[in-house]
Amino acid sequence: MAVNEPVLSPRDAGRSGIQEASTSHRNRIDLPPYQTIALMLQGGGALGAYQAGVYQGLDEAGIRPNWLAGISIGALNTAIIAGNAPQDRVPRLLEFWETICQPAFGLPLPGFVEHWFFNANDEIRKAFTAMQAVGALVEGQKGFFVPRLPPPSPLAAGVPQTASYYDTAPLKATLERLCDFERINSGEMRVSVGAVNVATGNFAYFDNTRIRLRAEHFMASGALPPGFAAVEIDGEYFWDGGLMSNTPLYEIAMATPRRDTLAFQVDLWSARGPVPDSIVDVMGRVKDVQFSSRTRMVTDMMQRSQRYRNVLRHVLDQVPEQQRQSDEWCRLAEELACSKRYNVIHLIYRHKEYEGHYKDYQFGLSTMREHWASGLDDIRGSLAHRDWLDMPNGESRFVTHDIHRDGR
């Protein structure tokens, strides 16, 4: 998909290139026998179309995750993927993104007009996308959120469900229209979404292996205040999980029992970037740093931890069985030791020079298509390195790969 190539409509997706690419035998990749194939989706608002492109690339390669974990917009993409049959997932993602990238009330610009503004030059594009971001703030996005009228008073007390500038009731209707929650809760794949308990400040994962997930659980994961109100679930209120941790990587890597795992970590904020030289750029860079969740630092820490566990496993194997059974320290070491293998493929959205600090709430259709194409290009480039998919060996049995770090 080229950057300026229009995304197919959901109606056409089922009988054209996208689905054909998804089911083509020649594109399929045979993976080693990983027990867990995880897709981890970070929060990042409008940037989340990048994750949809990544999923399309996995789908066309025949890679079917058995564990989806998401936060914020990543949780909404998770709901669409998990809530549909495999052959319908890419078309439903398209329908979701083409819906929420339209104005809530007014008509979108004709396609050829938007295409011209978006592709004229960087200055016109900046002005045009800034206008779209203002439109999202003033009007909201179709099937996603609308402004509360009248706006809430800063001092007036009410109820938690209305303590926000926008109403996300349209999102609930969209999720219930596009997602089959019986399928999500069927156990076909594991689904986890992160949120923050407003009252306790504790991080919580809603997981379909422990509870039945509803639209509210996914909405809670994306309820970023003060724009969106806390979501009530069983008498408690939850906000966006990105307030505490914007990536589900740690949840998957520390899950027990431990399993040989191939994880695709899809981030929308890059910790690395240029030093800003203007107030506007400072605002954008702050978001990058705040929401990147230091993914590479976390993976480095986890790699060291898995190395220690693997070394401990080999040391224990030298201890006689009888002593391992009788010695209290050996029994404790057995709980900590692990020789499982972890392979993390990083896919991190790269900030574009013309993007402003509003890139996470600039929901234009042309921008969405470019984000989608970037994700598709990055996953295709990553999967072209077939050796990256091999099970890791060595001391740590934990490896990471990143198309932008390791090169094409």
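Not measured: the values here are computed from a predicted model. Residue positions are counted from 1 within each chain, in the order its sequence is given. Note on the predicted model: pLDDT of at least 70 is required for a residue's local features to be given, and 80 or more for side-chain atom pairs to be given and counted; whole-chain, interface and lining totals, by contrast, use all residues. Computation of side-chain values covers all heavy atoms of the structure but excludes hydrogens and water.

(A) Broad picture of a nonpolar patch on the surface. Only residues whose relative accessible area exceeds 30% and that take part in no salt bridge are eligible for patches, with like-charged residues grouped when within 9 Å of each other and nonpolar side chains (Val, Leu, Ile, Met, Phe, Trp, Tyr) grouped when within 5 Å. Residue burial considers only the protein chains on display, and all accessible areas are found by Shrake-Rupley using a 1.4 Å probe. We define a salt bridge as a side-chain nitrogen of Lys or Arg found within 4 Å of a carboxyl oxygen belonging to Asp or Glu. Side chains of Leu-109, Trp-116, Phe-117 and Met-131 sit close together on the surface and give an oily, nonpolar patch of about 410 Å² of accessible area. Of note, Phe-117 is situated in helix 6 (residues 111–119). The numbering of helices and of strands both runs from the N terminus, where a helix is a DSSP run of H or I of at least 4 residues and a strand a run of E of at least 2.

(B) Focus on the UniProt feature "short sequence motif: GXGXXG" (unreviewed entry) in the protein chain. UniProt feature "short sequence motif: GXGXXG" (unreviewed entry): in the numbering of this structure it lies at residues 43–48. Overall, residues 43–48 shows 0% helix and 0% strand. The separation of its end C-alpha atoms is 7 Å. UniProt positions are given in the numbering used here, feature names are shortened, and annotations may be inferred rather than shown by experiment.

(C) Structural detail: the packing of helix 5 (residues 89–100) against helix 16 (residues 365–383). A fitted line through C-alpha atoms serves as each axis, taken over the contacting stretch for helices, and the angle formed by two N-to-C directions is quoted from 0 to 180°. Remark: helix 5 packs on helix 16, axes separated minimally by 10 Å, with the N-to-C direction vectors making an angle of 145 degrees. For the pair helix 5 and helix 16, the sense of crossing is right-handed. Within the contact between the two elements, helix 5 uses Val-90, Leu-93, Leu-94, Trp-97 and Glu-98 and helix 16 uses Leu-365, Met-368 and Trp-372. By definition, any crossing whose near helix is turned counterclockwise from its far helix by less than a right angle is left-handed, and any crossing with a clockwise turn is right-handed. Any pair of residues with heavy atoms lying within 4.5 Å of one another is described as a contacting pair.

(D) Layout of empty space enclosed by the protein. Cavities and pockets are found on a 1 Å grid laid over the protein atoms alone: a cavity is a set of points where a 1.4 Å probe fits but cannot escape, a pocket is an open set with protein on both sides within 12 Å along at least five of seven lines, and a lining residue has an atom within 4 Å of such a point. Grid points are joined across faces, edges and corners, and a volume is the space filled by probe spheres set on the points. Taken as a whole, this structure holds three cavities of 30 Å³ or more when the rule is applied. As for the largest cavity, its lining consists of Ala-253, Met-254, Arg-258, Met-302, Ser-305, Gln-306, Arg-309, Tyr-342 and Phe-398. With four residues, helix 13 (residues 295–316) is the largest single contributor of residues to the lining of the largest cavity. Note that Gly is not counted as nonpolar here; it falls among the polar residues with everything else outside the nonpolar set of Ala, Val, Leu, Ile, Met, Phe, Trp, Tyr, Cys and Pro and the charged set of Asp, Glu, Lys and Arg. Of the residues in the lining of the largest cavity, the class split is five nonpolar, two polar and two charged. One number sums up the size of the second largest cavity: a volume of about 50 Å³. The wall of the second largest cavity is formed by Met-40, Leu-249, Ile-252, Ala-253, Thr-261, Ala-263, Met-302, Tyr-342, Asn-343, Val-344 and Phe-398. Partitioned by chemical class, the residues of the lining of the second largest cavity number nine nonpolar, two polar and no charged.

(E) Region of interest: the pairing of strand 10 (residues 342–348). Think of it in three bands: with a 1.4 Å probe and only protein chains considered, a residue is buried below 20% of the maximum accessible area for its type, exposed above 50%, and partly exposed in between. Counting buried positions over the seven residues of strand 10 gives seven, a clear majority of the element. Residues Tyr-342, Val-344, His-346 and Ile-348 point to one face of strand 10 and Asn-343, Ile-345 and Leu-347 to the other, with burial holding for every one of them. Only strands joined by at least two bridges in the DSSP assignment are considered to pair. Both strand 9 (residues 261–267) and strand 10 contribute to a ladder of seven bridges, which runs parallel. Bridging across to strand 10, Gln-265 finds its partner in His-346. Pairing of strand 10 with strand 11 (residues 398–402) involves five bridges; the strand directions are parallel. Note that in strand 11 the partner of Tyr-342 across the bridge is Phe-398.

(F) Spatial organisation of the environment of Ser-153. With respect to the element layout, Ser-153 can be found in the loop between strand 3 (146–147) and strand 4 (166–167). When the C-alpha atoms of Ser-153 and Tyr-165 are compared, they prove to be 9.6 Å apart, with twelve residues separating the residues in sequence.

(G) Up close: the confidence of the model for the protein chain. The pLDDT value expresses, per residue, how confident the predictor is, ranging between 0 and 100. Averaged over all residues, the pLDDT of the protein chain equals 88, while 92% of them reach at least 70. Across residues 1–25 the pLDDT falls below 50, and counting only partners more than four positions away or on other chains, this stretch makes 43 contacts in the model.

(H) Just the packing of helix 4 (residues 73–82) against helix 5, in detail. With their axes 9 Å apart at the nearest point, helix 4 and helix 5 run at an angle of 135 degrees to one another. Considered as vectors, helix 4 and helix 5 are oriented oblique to each other. Both helix 4 and helix 5 take part in a crossing whose hand is right-handed. Only Arg-89, Arg-92, Leu-93, Phe-96 and Trp-97 of helix 5 make contact with helix 4, whose side of the interface consists of Ile-73, Leu-76, Asn-77, Ile-80 and Ile-81. Broken down by class, the residue content of the contact of helix 4 with helix 5 amounts to seven nonpolar, one polar and two charged. Here roughly perpendicular refers to angles of 65 to 115 degrees, roughly parallel to angles under 35, roughly antiparallel to angles over 145, and oblique to all remaining angles.

(I) Seen up close, helix 4. For helix 4, a buried count of ten out of ten residues is recorded, marking the element as mostly surrounded by other parts of the structure. Every buried residue of helix 4 is listed here: Ile-73, Gly-74, Ala-75, Leu-76, Asn-77, Thr-78, Ala-79, Ile-80, Ile-81 and Ala-82.

(J) Representation of the pairing of strand 8 (residues 236–240) within the structure. Two elements, strand 5 (residues 190–197) and strand 8, share three bridges in a ladder whose sense is antiparallel. Counterpart to Asn-197 in the pairing with strand 8 is Phe-238. Relative to strand 8, strand 7 (residues 231–233) is paired through three bridges, and the arrangement is antiparallel. By the bridge assignment, Val-231 is partnered in strand 8 with Phe-238. If you look at the hairpin formed by strand 7 and strand 8, you'll find two residues sitting between the two strands, and Asp-234 has a positive phi there, around 55 degrees.

(K) Broad picture of the packing of aromatic side chains. Only rings of Phe, Tyr and Trp enter the pairing, Trp through its six-membered ring, and a pair is recorded when the two centres are within 6.5 Å. The plane angle decides the type: under 30 degrees is stacked, over 60 is edge-to-face, the rest tilted. Following the criterion strictly, the structure yields 15 aromatic pairs and no others. Where Trp-116 meets Phe-117, the ring centres are 5.3 Å apart and the plane angle is 75 degrees; that geometry is what we call edge-to-face. When its relative accessible area of 30% is taken as the criterion, Phe-117 is described as partly exposed. Taken together, the ring pairs in this structure connect Phe-144, Phe-145, Tyr-166, Phe-228 and Phe-363 into an aromatic cluster. Charges are assigned to positions over rings by a cutoff of 6 Å between ring centre and Lys NZ or Arg CZ, combined with an angular limit of 35 degrees from the ring normal. Across from the ring centre of Phe-118, 4.2 Å away, lies the NZ or CZ of Arg-125, which sits over that ring. Its end group placed over the ring of Trp-67, Arg-190 keeps NZ or CZ at 4.0 Å from the ring centre.

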